[in-house]
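Fold and contact review
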Amino acid sequence: MSKLLKQPVKLALVQLATSASKADNLARARSKVLEAASRGAKIVVLPECFNSPYGTKHFPQYAEALLPSPPPADSAPSWHALAAMAKEAQAYVVGGSIPERDAATGKLYNTSLTFSPAGALLGTHRKVHLFDIDIPGKIKFRESDALDPGNKVTLVELPEYGTLAVAICYDVRFPELAMIAARKGAFALLYPGAFNLTTGALHWSLQARARAMDNQVYVALCSPARDMEAEYNAWGHSMVVDPNAEVLGELDEKEGILVAELTGERIEEVRKGIPIYTQRRFDVYPDVSKGDVRFEE
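These numbers come from a predicted model, not from an experiment. (Residues numbered from 1 in each chain as written. Predicted model: local features only at pLDDT ≥ 70, side-chain atom pairs only at ≥ 80, totals over all residues. Heavy atoms only, no water.)

1. Looking at the side chain of Arg266
For the record, the criterion: Only DSSP runs of H or I with at least four residues qualify as helices, and only runs of E with at least two residues qualify as strands; both kinds are numbered from the N terminus onward. Here a polar contact is recorded for every N or O atom pair within 3.5 Å, except that within protein the pair must consist of a potential hydrogen donor and a potential acceptor, and residues adjacent in sequence are included only if both atoms are side-chain atoms. Contacts between residues were defined by any pair of non-hydrogen atoms, one from each residue, lying within 4.5 Å.
In this fold, Arg266 is placed in helix H6 (residues 264-273). For Arg266, the side chain forms a polar contact with the side chain of Asp242, separated by 2.9 Å. Arg266 has contacts with Tyr218, Asp242, Pro243, Asn244 and Glu246, leaving out every residue within four places of it along the chain.

2. Concerning empty space enclosed by the protein
Quick reminder of the rule: A pocket, in this scheme, is an open set of points on a 1 Å grid over the protein atoms alone with protein on both sides within 12 Å along at least 5 of 7 lines, while a cavity is a set where a 1.4 Å probe fits but cannot get out; residues line either one if an atom lies within 4 Å of a point. Grid points are joined across faces, edges and corners, and a volume is the space filled by probe spheres set on the points. All amino acids are sorted into three groups, where Ala, Val, Leu, Ile, Met, Phe, Trp, Tyr, Cys and Pro are nonpolar, Asp, Glu, Lys and Arg are charged, and the leftover types, Gly among them, are polar.
Scanning all chains against the criterion turns up one cavity of 30 Å³ or more. When its volume is computed, the largest cavity comes out at roughly 70 Å³. For the largest cavity, the full set of lining residues is Val153, Thr154, Ala165, Val166, Ala167, Leu177, Ala178, Ala181, Leu189, Leu190 and Tyr191. Among the elements of the structure, strand S9 (153-158), strand S10 (162-166), helix H4 (175-183) and strand S11 (186-192) are those that each provide at least two residues to the lining of the largest cavity. Class assignment of the residues belonging to the lining of the largest cavity gives a composition of 10 nonpolar, one polar and no charged.

3. Let's talk about helix H1 (residues 22-38)
Under the convention used in this document: Take the number of residues in a helix, subtract one, and multiply by 1.5 Å to get its expected span.
Taking 1.5 Å of rise per residue, 17 residues should cover 24 Å, and H1 covers 24 Å from first to last C-alpha, within 8% of that figure. Buried residues in H1 make contact with strand S1 (9-15), strand S2 (43-45), helix H2 (59-62), helix H3 (77-89), strand S3 (92-94) and strand S15 (256-262). Phi turns positive one or two residues past the end of H1, at Gly40, with a value near 95°.

4. What to know about the layout of surface pockets
Estimates place the volume of the largest pocket at around 300 Å³. Leu67, Glu100, Thr124, Arg126 and Glu296 are, among the 17 residues lining the largest pocket, the residues nearest its centre. By residue number, the principal contributor to the lining of the largest pocket is strand S6 (residues 121-126), which donates four residues. Tallied by class, residues from the lining of the largest pocket come to seven nonpolar, six polar and four charged. Lining of the second largest pocket is provided by 17 residues; of these, Thr18, Pro53, Tyr54, Ala230 and Tyr232 occupy positions nearest its centre.

5. So, the environment of Arg209
Within the element layout of this structure, Arg209 appears in helix H5 (residues 197-215). Considering only alpha carbons, one finds Arg209 and Leu66, 143 residues apart in sequence, at a separation of 33 Å. When neighbours within four sequence positions are excluded, Arg209 is seen to be in contact with Val241, Ala245 and Val247. A polar contact is formed between the side chain of Arg209 and the backbone oxygen of Ala245, at a distance of 2.7 Å.

6. As for the UniProt feature "domain: CN hydrolase" (unreviewed entry) in the chain
Counted only if it meets this: UniProt positions are given in the numbering used here, feature names are shortened, and annotations may be inferred rather than shown by experiment.
In the numbering used here, UniProt assigns the "domain: CN hydrolase" (unreviewed entry) feature to residues 9-264. As a span, residues 9-264 carries 25% helix and 30% strand, and end to end its C-alpha atoms are 9 Å apart.

7. Let's talk about the sheet that holds S9
Think of a sheet as strands paired side by side through backbone hydrogen bonds, with each pair either parallel or antiparallel. Keep this limit in mind: Strands pair, by our definition, only if DSSP identifies at least two bridges between them. An axis is simply a line fitted to the C-alpha atoms; with a helix, the fit covers only the stretch in contact. Between two such axes, the angle follows the N-to-C directions and lies from 0 to 180 degrees.
Pairing is mixed across the open sheet formed by seven strands, whose spatial order is S14-S13-S12-S11-S10-S9-S16. Every interior strand has two partners, whereas the edge strands, strand S14 (247-250) and strand S16 (295-296), have only one. Here S9 runs beside S16; their pairing, made up of two bridges, is parallel. Note that in S16 the partner of Val153 across the bridge is Phe295. The strands that H4 touches are S9, S10, S11 and S16; relative to S11, the one it contacts most, it runs at about 145°.

Next up, the structure:
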């Protein structure tokens, strides 16, 4: 079995405390990315909406025009901040997500940008599944009131390591997206996300472990820190799960950095022990990774 992960790599999740100041959020993100890199991390992940408060009323105000790429600095300060911090840290940076405005159509997206250690943009993921829920007496939220969905599975190639899959928050609830990415060779599924106190308590850890178990790859969920004075209260508890669905590390609700080492040997060990990759019955059910699948690579 060829290794999905060419060599061991340290992955860091930055559970960032955010405010209403975009400039302060970008500066704080830079500080934490550099701290993670100082701890040996070569892949650093920021949380969903790391540059702004999370909420439909905030998306238009904080949105940046990311196209054409590279965009002008005045229209996309977060793009340029991410590129600079990746280069300074000499690490791959998965820039959580930011609100994006398509200048041509005026549509808004929840978008994640991944940069190389050279500061080059490697991948862009627009959140495919919008967070529209209504749990009576608990929480009602409709991202679709402000946002449009993306339409691609996002795979990012890291030459030294292999293939990463990047998706955002609510995307984790749809196993097809994870299955496609894993069967296309991803060694890890990364989900910047901002679950709330209701859905976090119910399903955050369960979803991470389920996606890892289903696909026998690493899964990481990266949340903002919890701020009970904010309008939206994030769950926190950023975590890394191994291919056997074992939790390698988990933060609490406060700001922090979680570092975990990922190895190709662990993926191989798990897949040899429980060989679901050779036991699937595509004569009984279809392979969701085949057919008309759109990719951002």
